Protein chains: 2
Amino acid sequence: MKSQGMTVKKGITLLRETELFKGLNEGEIEKILNLCKEVRFKKNETVMREGEVGDELYIVIEGIVEVAKNLILEEPADDGNLSNKVFTKLKAEDHAVFGEMALLEESERTATITALTDCVFYKIKKFNFLKLAEADHELGYKILLNISRIVSSRLRKANEDIIKLTTALSIILKES
Amino acid sequence: MKSQGMTVKKGITLLRETELFKGLNEGEIEKILNLCKEVRFKKNETVMREGEVGDELYIVIEGIVEVAKNLILEEPADDGNLSNKVFTKLKAEDHAVFGEMALLEESERTATITALTDCVFYKIKKFNFLKLAEADHELGYKILLNISRIVSSRLRKANEDIIKLTTALSIILKES
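Here is a short report on the structure shown in this document. (Residues numbered from 1 in each chain as written. Chains lettered and ligands numbered in written order. Predicted model: local features only at pLDDT ≥ 70, side-chain atom pairs only at ≥ 80, totals over all residues. Heavy atoms only, no water.)

## Describing the side chain of Lys126(B)
Point 1. Checked against the element boundaries, Lys126(B) lands in helix α3 (residues 126-135).
Point 2. Not counting the four nearest positions on each side in its chain, Lys126(B) is found in contact with Asp55(B), Ala102(B), Leu103(B), Leu104(B), Glu105(B) and Glu106(B). (Helix = DSSP H or I, 4+ residues; strand = E, 2+ residues; numbered from the N terminus. Contact = heavy atoms within 4.5 Å.)

## Digging into the relation of the copies chain A and chain B
Point 1. Between the two copies, chain A and chain B, the superposition gives an RMSD of 0.0 Å; the rotation angle is 180° and the shift along the axis is 0.0 Å. Accordingly, the operation relating the two chain copies is best matched by a two-fold axis.
Point 2. When you check the interface residues of chain A against chain B, 100% turn up at the interface there too, and the contact is symmetric in its surfaces. (Least-squares fit on C-alpha atoms with pLDDT ≥ 70 in both.)

## Remarks on helix α2 (residues 26-35) of chain A
The α-helix advances 3.6 residues per turn, and as a result positions three or four apart in sequence lie on the same side.
All names here are of chain A.
Point 1. Of the positions making up α2, those classed as buried are Glu28, Ile29, Ile32, Leu33 and Leu35. In an axial view of α2, the angular spread of the buried residues amounts to 150°, which keeps them on one side of the axis. Residues Glu26 and Asn34 are exposed on α2 and point more than 90 degrees away from its buried face.
Point 2. Measuring from the backbone nitrogen of Gly27 back to the side-chain oxygen at the start of α2 gives 3.2 Å, which picks out Asn25 as the cap. (Buried < 20%, exposed > 50% of the residue type's maximum accessible area, 1.4 Å probe, protein only. Arc of directions from axis to C-beta. Polar contact = N/O pair within 3.5 Å; in protein donor to acceptor, adjacent residues only side chain to side chain.)

## A few points about unusual backbone geometry
Residues and elements named next belong to chain A.
Point 1. Of note in the backbone geometry, Asn44 takes a positive phi value of approximately 75° without being a glycine.
Point 2. Structurally, the position occupied by Asn44 is in the loop between β1 (37-41) and β2 (46-48).
Point 3. Judged by its relative accessible area of 56%, Asn44 is exposed.
Point 4. A positive phi is found at His95, a non-glycine position, where the angle reads about 55°.

## Some thoughts on the packing of aromatic side chains
Point 1. Tallying each qualifying case throughout the model produces eight aromatic pairs over all chains.
Point 2. When the centroid spacing of 5.4 Å and the interplanar angle of 15° are considered together, the rings of Tyr58(B) and Phe98(B) count as stacked. On the criterion of sequence distance, the pair formed by Tyr58(B) in strand β4 (residues 56-62) and Phe98(B) in strand β7 (residues 97-98) is long-range, its members being 40 residues apart. Taken as a pair, Tyr58(B) and Phe98(B) share a single burial class, namely buried.
Point 3. Put simply, the rings of Phe41(A), Tyr58(A), Phe98(A) and Phe121(A) touch in pairs and so form one group of aromatic residues. (Phe/Tyr/Trp six-rings, centres within 6.5 Å; stacked < 30°, edge-to-face > 60°.)

## Side note on the packing of α2(A) against helix α3 (residues 126-135) of chain A
Helix-helix packing is described using two parameters, namely the angle between the two axes and the distance between the axes.
Residue and element names in this part refer to chain A.
Point 1. With their axes 10 Å apart at the nearest point, α2 and α3 run at an angle of 150° to one another. Comparing their axes, α3 and α2 come out roughly antiparallel. The handedness of the crossing between α2 and α3 is right-handed. Where α2 abuts α3, its residues Lys31, Ile32 and Leu35 lie against Asn128, Phe129 and Leu132.
Point 2. Looking at side-chain class alone, the contact of α2 with α3 contains four nonpolar, one polar and one charged residues. (Axes fitted to C-alpha atoms, helices over the stretch in contact; angles between N-to-C directions. Parallel < 35°, antiparallel > 145°, perpendicular 65-115°, else oblique. Left-handed = near helix turned anticlockwise from the far one by under 90°. Nonpolar A, V, L, I, M, F, W, Y, C, P; charged D, E, K, R; others polar.)

## Quick word on the interface of chain A and chain B
Point 1. Taken together, the contacts link 41 residues of chain A with 41 residues of chain B.
Point 2. A buried area of about 4,200 Å², summed over both sides, lies between chain A and chain B, and 71% of it is on carbon and sulfur atoms.
Point 3. For chain A, the biggest contributors to the area lost against chain B are Tyr141(A), Leu155(A) and Arg156(A); these three give 17% of the whole.
Point 4. The tally of links from chain A across to chain B stands at two salt bridges.
Point 5. Run the count over chain A and chain B and you get 13 residue pairs in polar contact (both at pLDDT 80 or more).
Point 6. Mapped onto the side of chain A that touches chain B, the elements with two or more residues apiece are β8 (107-108), α3 and α4 (137-175) of chain A.
Point 7. Within the side of chain A that touches chain B, the residues separate by chemical class into 20 nonpolar, twelve polar and nine charged. (Buried area = accessible area lost by both parts, 1.4 Å probe. Salt bridge = Lys/Arg side-chain N within 4 Å of Asp/Glu carboxyl O.)

## So, the environment of Val151(B)
Point 1. Among the secondary structure elements, Val151(B) is positioned in helix α4 (residues 137-175).
Point 2. Sequence separation between Val151(B) and Thr114(B) is 37 residues, and the spatial gap between their C-alpha atoms is 22 Å.
Point 3. Residue contacts for Val151(B): discarding those within four places in its chain leaves Val151(A), Ser152(A), Leu155(A) and Met101(B).

## Side note on the sheet that holds strand β4 (residues 56-62) of chain A
Residue and element names in this part refer to chain A.
Point 1. Strand order in the open sheet formed by four strands is β1-β10-β4-β7, and the pairing between neighbours is antiparallel. In this open sheet, the two edge strands, each paired with only one partner strand, are β1 and β7 (97-98).
Point 2. Pairing geometry for β1 and strand β10 (residues 119-125), over five bridges, is antiparallel. Bridge pairing links Arg40 to Val120 in β10. (Pairing = 2+ DSSP bridges.)

## Re the environment of Met48(B)
Residues and elements named next belong to chain B.
Point 1. Residue position: Met48 is located in strand β2 (residues 46-48).
Point 2. Take Met48: its relative accessible area is 8%, and that puts it in the buried class.
Point 3. In this structure Met48 touches Tyr58, Phe98, Gly99, Arg109, Ala111, Thr112 and Ile113, once residues within four positions along its chain are discounted.

## Here we look at the pattern of salt bridges
All names here are of chain B.
Point 1. For the structure on display, the rule yields 24 salt bridges over all chains.
Point 2. Lys125 is the partner of Glu56 in a salt bridge, and the nearest nitrogen-oxygen pair spans 3.1 Å. Of this pair, Glu56 sits in strand β4 while Lys125 sits in strand β10 (residues 119-125), placing them 69 residues apart in sequence.
Point 3. For Glu56, a relative accessible area of 15% gives the class buried.
Point 4. Of the charged contacts, one joins Glu100 and Arg154 as a salt bridge, the two residues approaching to 2.3 Å between their closest N and O atoms. Separated by 54 residues along the polypeptide, Glu100 in the loop between β7 and β8 (107-108) and Arg154 in helix α4 bring together distant segments of the chain.

Read these as geometric descriptors, not functional statements.
Dropping the structure here:
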């Protein structure tokens, strides 16, 4: 990765504190840093779009992004209704990572990410991550244990949401 | 694990064909087999109950189980209404595994599993799996890559269900 002084220092600190890289020692963090490509997006630029196929993970190093997720199928093109989407803001200080499922499989993005300020990210490509993990299984094991736990806790949350939604539907259908 | 002739042979074959152990070589499958404890359940016995905390994974070696999952919150005790649950049948031939999220974290079971016939399972405890994976990172890495991909594809499916449910809710609420 091209060295850029303060940004690199901030990058190392953020990598260390990111849930995805929990438990990694200094040498391992350096190996991860070597995979990272620094990329910059201007305010209002789209980083990734829901539904597009991607194979890169992003770590927010500087700035704030917006995560927007469709809640409704086949939203009409002329419908600017914001209530059909959920929005979340993520900041560098939150140790925000997105697209981490792309490290496991090339797959459709599950949200649209927009830069709300000028942003700096570290980008890691699936191919490079898997190559490193194959060469250093201990490192690969640690990161995959972290990813599995993150994805597993999201699945739990999604299953709870499904139960809430089917409960709401069942109440409405009984009342109607 | 206690050797039981044909069952062990069947066990090895099933472990090899299970998505969770995809890509493992013979020696690695043997190490997994050494973690497995053979357990038997009689027809109609409950193997695990939704909501209970567990730290064991089960692999179906012989027999058929039923997976039942609540779809509705706080089901009334006197309500035997089957429409509040979803049921799935899993057979040994399906290379059925359940409770695999327990390898990652001690957590609440997300479904109730009942033996529909006399069943034989292999049971693996989280502690023993993590101990083996820490001692053999290559093996740990391979299995975690498989688990991550399984959980990630389930998360995708759950997210699709959430979108379908919110779409249905939005249509009903607009019409009412």
